[in-house]
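Structural overview
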Amino acid sequence: MATVRQLLQGKGYEVASVEPDKSVYDAMQLMAAKNIGALLVLENRKLAGIFTERDYSRKAYLLDKSAKDIRVKELMTAQVAYVNPDYTAEDCMALVTEMRVRHLPVLENNEVVGIISIGDLVKDAISGQEFIIDQLERYIHGIRGPE
């Protein structure tokens, strides 16, 4: 399996983020526009938390306020599981399973350098299996070297 660094090289380093004092409405608009399920919450360029669709769906109704009147910091998850670029995809799979999260910020020297989703991890796992299947088929059929 690949390292997080390799996954980021393939998918890119773009990170969608929001500030903690922004409205939940603004955060949800950004997620909808980018077709993503989570935003990193950055304060002074440092990771302060993560805001996900799950945070909104499970917590917003309890406040009994409009999404325009709720601040991201009121709903975000402050205790964030994160990884560094040297973690393997397998390490990340174990972490998302254990922590029951779908997104892992990637930090290097306490700086956010990317984000890995469960979708990225599944895509890597499928790619690895396809490679193994291809190699086994080539072996069975006696194919040597590149085609």
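Residues numbered from 1 in each chain as written. Predicted model: local features only at pLDDT ≥ 70, side-chain atom pairs only at ≥ 80, totals over all residues. Heavy atoms only, no water.

1. Section: the pairing of strand 5 (residues 111–117)
How we decide: Two strands pair under a simple rule: DSSP has to find at least two bridges between them. Helix and strand assignments follow DSSP, with helices taken as H or I runs no shorter than four residues and strands as E runs no shorter than two, numbered in order from the N terminus.
Two elements, strand 4 (residues 103–108) and strand 5, share six bridges in a ladder whose sense is antiparallel. Within strand 5, the residue paired with valine 106 across the bridge is glycine 114. Hairpin remark: strand 4 followed by strand 5, antiparallel, with two residues in the connecting loop; positive phi at asparagine 109, about 55°.

2. Some remarks on the confidence of the model for the protein chain
Here is the rule: Scored from 0 to 100, pLDDT reflects the predictor's confidence in each residue.
The predicted model of the protein chain averages 90 in pLDDT, with 89% of residues at 70 or higher. Per-residue pLDDT, averaged within each element of the protein chain, yields its smallest value for helix 6 (residues 118–140) (74) and its largest for strand 1 (residues 17–18) (98).

3. Things to note about the nonpolar core
To be explicit about the condition: What makes a nonpolar core is a set of buried Ala, Val, Leu, Ile, Met, Phe, Trp, Tyr and Cys residues whose side-chain atoms join them at distances within 4.5 Å. Think of it in three bands: residues with accessible area under 20% of the maximum for their type are buried, residues over 50% are exposed, and the middle band is partly exposed, with areas taken using a 1.4 Å probe on protein chains only.
Counting 15 residues, the largest nonpolar core has Val41, Phe51 and Val72 as its most contacted members. For this core, the elements supplying multiple residues, two or more each, are helix 2 (24–34), strand 2 (38–43), strand 3 (46–52) and helix 4 (72–75). If you tally residues by element for this core, the top one is helix 2, at three residues. Judged by nonpolar contacts, the second largest core, of 14 residues, contains Ala81, Cys92, Val106 and Ile116.

4. Quick word on the environment of serine 117
Condition: Any two residues whose heavy atoms approach within 4.5 Å at even a single point are treated as in contact.
Residue placement: serine 117 occurs in strand 5. Classification of serine 117 as buried rests on a relative accessible area of 18%. For serine 117 and valine 96, which are 21 residues apart along the polypeptide, the C-alpha to C-alpha distance reads 8.9 Å. Those residues in contact with serine 117 that sit more than four places away from it in its chain are Arg102 and His103.

5. Digging into the environment of valine 15
For valine 15, the location among the structural elements is in the loop between helix 1 (4–11) and strand 1. When the C-alpha positions of valine 15 and proline 105 are compared, they lie 8.9 Å apart, and in sequence the two are 90 residues distant. Leaving out residues up to four positions away in the same chain, valine 15 has contacts with Leu40, Val112, Val113, Gly114 and Ile115.

6. Notes on a nonpolar patch on the surface
Inclusion rule: Note that patches include only residues with greater than 30% relative accessible area and no salt bridge, and the join distances are 9 Å for like charges and 5 Å for nonpolar side chains (Val, Leu, Ile, Met, Phe, Trp, Tyr). Per-residue and other accessible areas were derived by the Shrake-Rupley procedure at a 1.4 Å probe size, with only the shown protein chains allowed to occlude residues. Salt-bridge detection follows one rule: a side-chain nitrogen of Lys or Arg within 4 Å of a carboxyl oxygen of Asp or Glu.
Together, Ile118, Val122 and Ile126 make up an exposed nonpolar region whose accessible area comes to about 220 Å². Turning to its location among the elements, isoleucine 118 is positioned in helix 6. You can call isoleucine 118 partly exposed: its relative accessible area is 37%.

7. Observations concerning the packing of aromatic side chains
Defined as follows: The pairing test for Phe, Tyr and Trp rings, Trp by its six-membered ring, is centres within 6.5 Å, and the orientation test on the planes gives stacked under 30 degrees, edge-to-face over 60, and tilted for anything in between. Only Lys NZ and Arg CZ are tested; either one counts as a charge over a ring when it is within 6 Å of the ring centre and within 35 degrees of the ring normal.
On inspection of all chains with the given rule, the structure shows zero aromatic pairs. Sitting over the face of the ring of tyrosine 25, lysine 68 holds its NZ or CZ atom 4.6 Å from the ring centroid.

8. Points about the sheet that holds strand 3
Going by this rule: Lines fitted to C-alpha atoms define the axes, with helix axes restricted to the stretch in contact, and inter-axis angles between N-to-C directions lie between 0 and 180 degrees.
Here we have three strands laid out as an open sheet, ordered 1-2-3, and mixed in their pairing. This sheet does not close on itself; its edge strands, each paired only once, are strand 1 and strand 3. Relative to strand 3, strand 2 is paired through six bridges, and the arrangement is antiparallel. Residue pairing across strands places leucine 39 opposite phenylalanine 51, the latter belonging to strand 3. Strands in contact with helix 2 are strand 1, strand 2 and strand 3; relative to strand 3, the strand with the most contacts, it is inclined by about 75°.

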